[in-house]
Amino acid sequence: MIKRIGILTSGGDSPGMNAAIRAVTRVAIANGIEVVGINDGYKGMVEGNFRPLIKEDVSDILDRGGTILGSARLVEFKDVKVQQVAVQKLTEAGIDAVVVIGGDGSYRGAMALTQLGINCIGLPGTIDNDIPATDFTIGFDTALHTVVECVDKLRDTSSSHHRCSVVEVMGNRCGDLAVWAAISCGAEAVVTQETGFDEEDLLERLRYLDSVRRKKHAIVVISEKITDVNELARKISANTGFSGRATVLGHIQRGGSPTPSDRMLASRMAEKAVDLLVNGIGGHCVGIVDNAIVSYPIEEALKMPKKSRKELYQLFDRLV
Ligand code: ATP
């Protein structure tokens, strides 16, 4: 029977992490379990940087981006000796189990702690939607809204100046944010790790859009870590009828008030995490699959193949 749950946020932050913190806290308290906030991810765990959380501590955070607990990366946490220090700090504080909100790296930490005797459950908190064991991660929908809002604005000004806007979005080598945004914004091209990048092909397509389709503007949505977008914009200006401009959306995508969808997702997943821990289950991560909240052993989840988005790329091609 668990008496005290710890909760932490780890890796890159995402909108909806606070909604998850709130829901874990409230659901646990409703089950008669105490809750302890662990500040700054695994770094705070190793330092024993804890604070009790009561219902009132998580008031007025549902709509706030970021994470009230702070997030951090601690590379040394891969070392079992460092993990043992964490277990000691948790045991001293009477923490029997932990909910970890983060990406796949954070999941590995959760798995290691479970193996050392502290049951942990992972919740997928990342805007990148790059976790295979869930259709959606907490923060993806909000980031998508941000990208769509920005691209809509860029389109207005691009039309006035016969411009091609190259918009770089995040994704950590997952093209979901890019392809969802490209379809939602009616972009003229999308480039991701899944599509591959053929620069000459793209320039040819833009020349066609300009000279044959007589487009007033063009939007190219491109995932980060593919190419230098400023250089690409220069090539577009030099080789097509459009004036090329690059916009890197950057960390703006990580901020903002979570959408209702992300708040719902965070709340539903958090409830599942507490239920699993109450039932003595650890080393699992929570996901949403076909709108049902599910869980898988982390080890299994990390081996799952990347989700195929073939049908979305096909749809995009049909819409251009
Ligand atoms: P993001 O989506 O932002 O990349 P993430 O959780 O994948 O989120 P990472 O930086 O990979 O981010 O991991 C966060 C933290 O999890 C690391 O700083 C480290 O403390 C811990 N961690 C990562 N990999 C491992 C591992 N193999 N074993 C134990 N702990 C790990």
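All figures in this text were calculated on a predicted structure; none of them were measured in a lab. (Residues numbered from 1 in each chain as written. Predicted model: local features only at pLDDT ≥ 70, side-chain atom pairs only at ≥ 80, totals over all residues. Heavy atoms only, no water.)

Turning to the site of the ligand, a few remarks are in order. As a matter of local geometry, the ligand sits amid 16 residues, with Gly12, Arg73, Leu74, Gly103 and Ser106 nearest to it. Take Asp104: an N or O atom from its side chain is 3.0 Å from an oxygen atom of the ligand. Against a free-state accessible area of 620 Å², the protein chains account for coverage of 83% of the ligand. Top element by residues in the shell around the ligand is helix H4 (residues 104-115). It accounts for five residues. In the shell around the ligand, the residues fall into three nonpolar, nine polar and four charged. (Near = heavy atom within 4 Å. Polar contact = N/O pair within 3.5 Å; in protein donor to acceptor, adjacent residues only side chain to side chain. Areas by Shrake-Rupley, 256 points an atom, 1.4 Å probe, with all protein chains shown as cover. Helix = DSSP H or I, 4+ residues; strand = E, 2+ residues; numbered from the N terminus. Nonpolar A, V, L, I, M, F, W, Y, C, P; charged D, E, K, R; others polar.)

This part takes up the packing of helix H5 (residues 140-160) against helix H6 (residues 176-185). The interhelical angle for the contact between H5 and H6, taken along N-to-C directions, is 45 degrees, at an axis separation of 9 Å. Relative to H6, the element H5 lies oblique. The handedness of the crossing between H5 and H6 comes out as right-handed. Contact with H5, carried on its side by Phe140, Ala143, Leu144, Val147, Val148, Val151, Asp152 and Arg155, involves Asp176, Leu177, Trp180, Ala181, Ser184 and Cys185 of H6 and no other residues of that element. Looking at the contact of H5 with H6 residue by residue, the class counts come to ten nonpolar, one polar and three charged. (Axes fitted to C-alpha atoms, helices over the stretch in contact; angles between N-to-C directions. Parallel < 35°, antiparallel > 145°, perpendicular 65-115°, else oblique. Left-handed = near helix turned anticlockwise from the far one by under 90°. Contact = heavy atoms within 4.5 Å.)

Attention now moves to the side chain of Thr9. Assignment of secondary structure puts Thr9 in strand S1 (residues 4-9). For Thr9, a relative accessible area of 0% puts it in the buried group. Reaching out from Thr9, the side chain makes a polar contact with the backbone oxygen of Gly70 at a distance of 2.9 Å. Once residues lying within four places of it in the same chain are set aside, the contact partners of Thr9 are Met17, Ile21, Asp40, Gly41, Thr67, Leu69, Gly70, Ser71, Ala72 and Ile101. (Buried < 20%, exposed > 50% of the residue type's maximum accessible area, 1.4 Å probe, protein only.)

Looking now at the domain arrangement of the protein. Parsing the protein into structural domains produces domain 1 (4-139 + 258-302) and domain 2 (141-254). Taken over C-alpha atoms, the centre of domain 1 sits 35 Å from the centre of domain 2. If you look at the interface, domain 1 gives 15 residues, while domain 2 gives 13 residues. Both sides of the domain 1 and domain 2 interface together cover about 1100 Å² of buried area, and 52% of this is carbon and sulfur. Contact with domain 2 buries area across many residues of domain 1, yet Ile127, Asp128 and Thr259 alone supply 42% of it, more than any other trio. At the surface where domain 1 touches domain 2, the tally comes to one salt bridge. (Domains from an automatic or database assignment. Buried area = accessible area lost by both parts, 1.4 Å probe. Salt bridge = Lys/Arg side-chain N within 4 Å of Asp/Glu carboxyl O.)

Attention shifts here to unusual backbone geometry. In the Ramachandran plot, Asp60 falls in the positive-phi region, its phi being about 60 degrees despite a non-glycine side chain. Mapped onto the elements of the fold, Asp60 is located in the loop between strand S3 (50-53) and helix H3 (80-92). In this structure, Lys225 is a non-glycine residue whose phi angle is positive, near 65 degrees. Mapped onto the secondary structure, Lys225 falls in the loop between strand S8 (218-223) and helix H8 (229-239). Assessed through its relative accessible area of 48%, Lys225 is described here as partly exposed.

Take the sheet that holds S3 next. Taken together, seven strands build an open sheet; the order of strands is S3-S2-S1-S4-S5-S10-S11 and the sheet is mixed. For this open sheet the edge positions go to S3 and strand S11 (292-297), each flanked by a neighbour on one side alone. Across the sheet, the axes of successive neighbouring strands diverge by a mean angle of 30 degrees, strand direction being ignored. In terms of strand pairing, S1 meets strand S2 (residues 34-38) through four bridges, oriented parallel. (Pairing = 2+ DSSP bridges.)

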